[in-house]
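# Architecture and fold: a report
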Number of protein chains: 2
Amino acid sequence: MYASDKKAVVDALRMAGVSPTSQRVEIAYHLYNRQEHLSADQILEGVNGDYPAVSRGTVYNALNLLVEKGLVRELIAAPGKVFYDPNTHPHHHIFYVDQGVLMDLPAEMVQVKNIPVPEGCEIEQIDVVVRVRG
Amino acid sequence: MYASDKKAVVDALRMAGVSPTSQRVEIAYHLYNRQEHLSADQILEGVNGDYPAVSRGTVYNALNLLVEKGLVRELIAAPGKVFYDPNTHPHHHIFYVDQGVLMDLPAEMVQVKNIPVPEGCEIEQIDVVVRVRG
DNA sequence: CTTGTCACTTAGACAGGTTCTAAATTTAGC
DNA sequence: GCTAAATTTAGAACCTGTCTAAGTGACAAG
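What counts as what
- Residues numbered from 1 in each chain as written.
- Chains lettered and ligands numbered in written order.
- Predicted model: local features only at pLDDT ≥ 70, side-chain atom pairs only at ≥ 80, totals over all residues.
- Heavy atoms only, no water.
- Contact = heavy atoms within 4.5 Å.
- Buried area = accessible area lost by both parts, 1.4 Å probe.
- Salt bridge = Lys/Arg side-chain N within 4 Å of Asp/Glu carboxyl O.
- Polar contact = N/O pair within 3.5 Å; in protein donor to acceptor, adjacent residues only side chain to side chain.
- Helix = DSSP H or I, 4+ residues; strand = E, 2+ residues; numbered from the N terminus.
- Near = heavy atom within 4 Å.
- Nonpolar A, V, L, I, M, F, W, Y, C, P; charged D, E, K, R; others polar.
- Axes fitted to C-alpha atoms, helices over the stretch in contact; angles between N-to-C directions.
- Parallel < 35°, antiparallel > 145°, perpendicular 65-115°, else oblique.
- Left-handed = near helix turned anticlockwise from the far one by under 90°.
- Domains from an automatic or database assignment.
- Least-squares fit on C-alpha atoms with pLDDT ≥ 70 in both.
- Buried < 20%, exposed > 50% of the residue type's maximum accessible area, 1.4 Å probe, protein only.

### Some remarks on the interface of chain B and chain A
Each partner contributes residues to the interface: chain B has 34 residues there, and chain A has 34 residues. Here chain B packs against chain A, burying approximately 2900 Å² in sum over the two surfaces, 57% of which is carbon and sulfur. There are four salt bridges connecting chain B and chain A. Along the contact surface separating chain B from chain A lie ten residue pairs in polar contact (both at pLDDT 80 or more). Looking at the side of chain B that touches chain A, the element that brings in the most residues is strand β6 (residues 122-133) of chain B, giving twelve residues.

As structure tokens, then:
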């Protein structure tokens, strides 16, 4: 998702057929504005900074909806470590194991070729995660 | 890990500096002998087929130890879906989302190039998971 | 303005998978 | 055979994430 301000977030949600409720806008805006990959819990904390504004359930619902509508990408970096990435363009990831931080790798930096697609199957996503230590 | 019989498993464990307790041997042997990717739970069930022989905690401890010692590879296919792979040679994976099944892709079938390694970091593993639907 | 409907949010209960803990057991070194 | 250290066990605890039932709010029709 690309959205520089809350109005743009509202438009992006509407365009994807998602009612832009205040909670969803807060969540999407927060995810966009931090140029990191955030976990559901980090988003919950971030959105509820001053005072509780959004419930846990809504954060999960909203994130799942955004993933389903293709506005956000879900990334699994390690067992129990799910991150959400507002960048849906093709690109890959590097995971700093010791710090638990996940960063982007531009698509050009990694070449993936010759993916075999079985009959009748459709590639949903190709995840390339480079796990580095140190 | 490559081990055709229990004696070979014992040797492999010893070589990696892991005391070959009977439970660990059972677990490693079971994982090797099924040419699938198994979850911790499937391994627990499999090892305890006839009568309870190994506790849940031990299965998790043993698997984590084997991963740490490089005898087994840990694969994350989806949130909450962790599989263990006795094949530690370079290769990739294809995940059939609808069936929840993870299969090998020979390394030659996917070319990954130009991985940038940050200063002072060491690549631990490169995970390529092709997620297909249908 | 009032009502009814519908989608959404909420809090808390629940579920699955993994780790932790304390006690019991086994292993290894003398 | 002892003793100490490592390992296993059962079960409690924990963490993410989902479900449920009730409550809230927006909106259209009367």
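### Details of the protein's contact with DNA strand C
In the region of DNA strand C, 13 residues are neighbours, and T21, A53, S55 and T58 of chain A together with Y60 of chain B sit closest. Within the side chain of Q23 of chain A, a nitrogen or oxygen atom sits 2.9 Å from a sugar or linking oxygen of DNA strand C. Here a phosphate oxygen of DNA strand C and a backbone polar atom of A53 of chain A are 2.9 Å apart. Of all elements in the fold, only α2 (22-33) of chain A together with α4 (56-68) of chain B reach the threshold of two or more residues within the surface near DNA strand C. Considering every element that reaches the surface near DNA strand C, the biggest residue donor is α4 of chain B, with three residues. When its residues are assigned to classes, the surface near DNA strand C shows five nonpolar, six polar and two charged.

### Some thoughts on the protein's contact with DNA strand D
Around DNA strand D sit A40, Y60, N64 and V82 of chain A together with S19, T21, Q23, R24, A53, V54, S55 and T58 of chain B, and those are all the residues in its vicinity. Put simply, 88% of the atoms of DNA strand D that lie within 4 Å of the protein are in sugar or phosphate. Measuring from a phosphate oxygen of DNA strand D, one finds a side-chain N or O atom of Y60 of chain A at 2.6 Å. A53 of chain B has a polar backbone atom sitting 2.9 Å from a phosphate oxygen of DNA strand D. For the surface near DNA strand D, the secondary-structure elements that each account for two or more residues are α4 (56-68) of chain A together with α2 (22-33) of chain B. Classifying every residue of the surface near DNA strand D gives five nonpolar, six polar and one charged.

### What about the packing of helix α1 (residues 6-15) of chain A against α2 of chain A?
The relative placement of two packed helices comes down to the angle between their axes together with the axis-to-axis distance. Residue and element names in this part refer to chain A. The geometry of α1 relative to α2 is characterised by a closest axis approach of 9 Å and an angle of 110° between their N-to-C directions. Of the possible angle classes, the one that applies to α1 and α2 is roughly perpendicular. Crossing of α1 against α2: the hand is right-handed. Across the interface between the two elements, K6, V9, V10 and L13 of α1 pack against R24, V25, E26, A28 and Y29 of α2. For the contact of α1 with α2, a count of residues per class yields six nonpolar, no polar and three charged.

### Observations concerning the domain arrangement of chain A
Residues and elements named next belong to chain A. As assigned here, chain A comprises domain 1 (6-78) and domain 2 (88-132). Inter-centroid distance (C-alpha atoms) of domain 1 to domain 2 is 22 Å. Across the boundary between the two partners, domain 1 contributes nine residues, which contact twelve residues of domain 2. Across the domain 1/domain 2 interface, buried area totals approximately 850 Å², and carbon plus sulfur atoms make up 54% of it.

### As for the relation of the copies chain B and chain A
One chain copy maps onto the other through a rotation about an axis and a shift parallel to that axis. Superposing chain B onto chain A requires a rotation of 177° together with a translation of 0.0 Å along the rotation axis, leaving an RMSD of 0.4 Å. Put plainly, the chains are arranged around a two-fold axis. The share of interface residues of chain B whose copies in chain A are also at the interface is 100%, consistent with both copies meeting through the same surface.

### Describing the pattern of salt bridges
Under the definition given, this model contains 14 salt bridges over all chains. Here D11 of chain A ties to K7 of chain A by a salt bridge, and the two come within 3.7 Å at their closest N and O atoms. Of the two residues, D11 of chain A and K7 of chain A are both situated in helix α1; the distance of four residues between them amounts to about one turn of the helix. The class of D11 of chain A is partly exposed, set by a relative accessible area of 36%. Its salt-bridge partner being R73 of chain B, residue D127 of chain B comes within 3.3 Å of it at the nearest N-O pair. Remark: R73 of chain B occurs in strand β1 (residues 73-78) and D127 of chain B occurs in strand β6; sequence separation between them is 54 residues. Taking relative accessible area as the criterion, D127 of chain B reaches 15% and is therefore assigned buried. One continuous salt-bridge network, built from bridges that share partners, spans E124 of chain A together with R131 and R133 of chain B.

### Focus on the packing of α2 of chain B against helix α3 (residues 40-47) of chain B
Residues and elements named next belong to chain B. At their nearest, the axes of α2 and α3 sit 10 Å apart, and the two run at 110° to each other. Judged by the inter-axis angle, α2 sits roughly perpendicular to α3. Counting all contacts with α2, which are made through E26, I27, H30 and L31, the residues of α3 involved are Q42, I43, G46 and V47. Per-class residue counts for the contact of α2 with α3 are four nonpolar, three polar and one charged.

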